[in-house]
Amino acid sequence: MALPVFEGADGRGREAVGDVVAHELRGLGGPAVRDEGDEAVVLLEVTGAGLVAGFDLASKIAGKPLYRWLSERYGDGRPDDSVFVYAAGGYYAPGKTLTDLQDEMRGFLDLGYDVVKMKIGGADLTEDLRRIEAVIDVLDGDGSRLAVDVNGRFDLATALEYGRAIEPYGLFWYEEIGDPLDYRLNAVVAENYPGRIATGENLFSLQDARNLIRYGGLRPDRDIIQVDPALAYGLVEYLRIQDMLRRHGWSSRRCVPHGGHQFSLHIAAALKLGGNESYPGEFQPTGGFADDAVVEKSRVALTDTPGIGFERKADFYKVLRDLHS
């Protein structure tokens, strides 16, 4: 697939680039392509990276950090100067004990995060409740500082069973409960679980996001949309999704992109989203923010470095330089 040239620092050509990429990717597998071995996903990630590089270059030519460049063109020109972030971890691992899990979460708190996230659904309900309670103990008994992530593995019966069990904890959110395209499952859970639901990281297109809003039962006063603009069809499609959400009565503050990387952080600040994921201990060297970024009370400030700021992430920048040496 030949990509069109990204035109100029003024952003001209943005729509043409996005239209071509989105059209060709959809042709490979339809609006939602979620099999990680599929050719379409590989191309999606490659072209997504190319568009990220294009926006990085355009904002560098303009001599501005990406979030300010984006805000001036696609926002209101008054970007947020800091963004809410939460620390994602709590993965299952052979031999990992409850004490190990607690130590991991304490490490996140020491880094300045007030809200943390852990995986559930990889053990039975009894074990998962023990894991949840162990983390809540680290959070001074405050379940509202803990999000749980199922990674789409539950059927409806299991989703409801877990929902009943975790409701008393008052968790930060209950994430990606079932198959991302099973809108009925999501809607039934939303009818029965009063707490916050988060989903959407595996929805790549405007059409899928619109169907989630129409048929997924999400509640605009509490639930969270997690579409990832880098993983999906890029910023162009993400802007269209934002327009659709506004028409359906949703605030941009209800969007917290999946991913935990610098590109989404800039988008969150530029478009005044509700926050951004962070992976302090995972997916290095690409995950996380600038090496000198300081997280305070689960917020991280943006810098004035032109572009995305890859240069301020030393290990990742070395990888990029080595690719071109």
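Coordinates for the structure precede this section.
Just so we're clear, the structure is a prediction, and the values are computed from it rather than from any experiment.

*Asks:* Sorry if this is basic, but what is going on with the side chain of Asp223 here?
*Replies:* With respect to the helices and strands, Asp223 occurs in the loop between helix 8 (206-215) and strand 6 (224-225). The class for Asp223 is buried, based on a relative accessible area of 0%. Here Ile197 takes part through its backbone nitrogen, which lies 2.8 Å from a polar atom of the side chain of Asp223. At 2.8 Å, the side chain of Asp223 forms a polar contact with the backbone nitrogen of Arg219. When residues no more than four places from it in sequence are discounted, the contact partners of Asp223 are Gly195, Arg196, Ile197, Leu218, Trp250 and Arg254.

*Asks:* Whenever I open this one, the environment of Leu160 confuses me. Can you help?
*Replies:* Within the fold, Leu160 resides in helix 6 (residues 156-166). Its relative accessible area of 19% is what places Leu160 among the buried residues. Sequence separation of Leu160 and Ala190 is 30 residues, and the distance between their C-alpha atoms is 9.6 Å. Sequence-distant contacts of Leu160, defined by excluding residues within four places in its chain, comprise Val188, Val189 and Asn192.

*Asks:* Hey, could you run me through the layout of surface pockets in this one?
*Replies:* Any empty space left between atoms is shown by rolling a water-sized probe over those atoms. Approximately 300 Å³ is the volume attributed to the second largest pocket. Across the lining of the second largest pocket, the residue classes tally to 10 nonpolar, four polar and three charged.

*Asks:* Teacher, can you tell me more about empty space enclosed by the protein here?
*Replies:* Enumeration according to the criterion identifies three cavities of 30 Å³ or more in this entry. One number sums up the size of the largest cavity: a volume of about 130 Å³. Contributing to the lining of the largest cavity are 15 residues, with Gln262, Leu265, His266, Ala290 and Thr303 lying nearest its centre. Breaking the lining of the largest cavity down by element, the ones donating at least two residues are helix 10 (262-270) and strand 9 (299-301). Of the residues forming the lining of the largest cavity, the biggest block, three residues, is contributed by helix 10. Among the residues making up the lining of the largest cavity, the classes are represented as eight nonpolar, six polar and one charged. For the second largest cavity, the calculated volume is near 60 Å³. Lining the second largest cavity we find Glu176, Ile177, Gly178, Asp179, Pro180, Asp182, Leu185, Asn186, Thr199, Leu203 and Leu212. For the lining of the second largest cavity, a count of residues per class yields five nonpolar, three polar and three charged.

*Asks:* I keep staring at the packing of aromatic side chains and nothing clicks. Help me out?
*Replies:* Evaluated as defined, the whole model comprises nine aromatic pairs. Centroid distance Phe84 to Phe172: 5.9 Å. Interplanar angle 35°. Geometry classified as tilted. Here the residue Phe84 occupies a position in strand 1 (residues 82-88), and Phe172 occupies one in the loop between helix 6 and strand 4 (173-175), the gap between them amounting to 88 residues. The structure contains a cluster of three or more aromatic residues connected by ring pairs, namely Phe84, Tyr86, Phe172 and Trp173.

*Asks:* In this structure, what is going on with the nonpolar core? I would like to understand it.
*Replies:* Note that soluble globular proteins tend to have their nonpolar side chains buried in a common cluster. Core analysis: the biggest nonpolar cluster contains 79 residues, and Ile132, Leu146 and Tyr174 have the highest contact counts within it. Phe84, Ala147, Ala198 and Val256 belong to the second-largest nonpolar core, a separate cluster that totals 11 residues.

*Asks:* I tried to follow the environment of Leu206 on my own but got confused; where do I start?
*Replies:* Residue position: Leu206 is located in helix 8. Each C-alpha atom, one on Leu206 and one on Tyr233, is 9.1 Å from the other, the two residues being 27 residues apart in sequence. Setting aside residues up to four positions removed in sequence, Leu206 forms contacts with Glu237, Arg240, Ile241 and Met244.

*Asks:* Whenever I open this one, the pattern of salt bridges confuses me. Can you help?
*Replies:* Between side chains of opposite charge, pairing is possible as soon as their charged atoms come close. A complete count under the given rule lists 21 salt bridges for this structure. A salt bridge links Lys272 to Asp76; the nearest nitrogen and oxygen atoms lie 2.8 Å apart. Of the two residues, Lys272 is situated in the loop between helix 10 and strand 7 (276-278) and Asp76 in the loop between helix 3 (66-74) and strand 1; the sequence distance between them amounts to 196 residues. Take Lys272: its relative accessible area is 21%, and that puts it in the partly exposed class.

*Asks:* Please explain helix 5 (residues 125-138) as it appears in this structure.
*Replies:* Structurally, the α-helix is built with 3.6 residues per turn, so residues lying three or four positions apart point the same way. Taking 1.5 Å as the rise per residue, helix 5 with 14 residues should run 20 Å; its terminal C-alpha atoms sit 20 Å apart, in good agreement. Within helix 5, the full set of buried residues consists of Leu125, Asp128, Leu129, Arg131, Ile132, Ala134, Val135, Ile136 and Val138. Taken together, the buried residues of helix 5 touch helix 4 (98-110), strand 2 (116-119), strand 3 (146-149) and helix 6. Structurally, the start of helix 5 carries an N-cap: the backbone nitrogen of Thr126 is 3.2 Å from a side-chain oxygen of Asp124. Backbone geometry just downstream of helix 5 places Asp140 in the positive-phi region, at approximately 60°.

*Asks:* Teacher, can you tell me more about the pairing of strand 3 here?
*Replies:* Put simply, side chains in a regular strand alternate between the two faces of the sheet. Burial along strand 3 is two-sided: Leu146 and Val148 facing one way and Ala147 and Asp149 facing the other are all buried. For strand 2 and strand 3, the ladder comprises four bridges, and the chain directions are parallel. Along strand 3, the bridge assignment pairs Met118 with Val148. Traced from strand 2 through helix 5 to strand 3, the parallel crossover comes out right-handed. Strand direction decides the pairing type here: strand 3 and strand 4, joined by three bridges, are parallel. Residue pairing across strands places Val148 opposite Tyr174, the latter belonging to strand 4. The parallel pair strand 3 and strand 4, bridged by helix 6, forms a crossover whose chirality is right-handed.

Cut-off values and rules
- Residues numbered from 1 in each chain as written.
- Predicted model: local features only at pLDDT ≥ 70, side-chain atom pairs only at ≥ 80, totals over all residues.
- Heavy atoms only, no water.
- Helix = DSSP H or I, 4+ residues; strand = E, 2+ residues; numbered from the N terminus.
- Buried < 20%, exposed > 50% of the residue type's maximum accessible area, 1.4 Å probe, protein only.
- Polar contact = N/O pair within 3.5 Å; in protein donor to acceptor, adjacent residues only side chain to side chain.
- Contact = heavy atoms within 4.5 Å.
- 1 Å grid on protein atoms, 1.4 Å probe; cavity = no way out; pocket = protein on both sides within 12 Å on 5 of 7 lines; lining within 4 Å.
- Points joined across faces, edges and corners; volume = space filled by probe spheres on them.
- Nonpolar A, V, L, I, M, F, W, Y, C, P; charged D, E, K, R; others polar.
- Phe/Tyr/Trp six-rings, centres within 6.5 Å; stacked < 30°, edge-to-face > 60°.
- Core = buried A, V, L, I, M, F, W, Y, C linked by side-chain atoms within 4.5 Å.
- Salt bridge = Lys/Arg side-chain N within 4 Å of Asp/Glu carboxyl O.
- Expected span 1.5 Å × (residues − 1).
- Pairing = 2+ DSSP bridges.
- Right-handed = clockwise from strand over helix to strand, strands pointing away.

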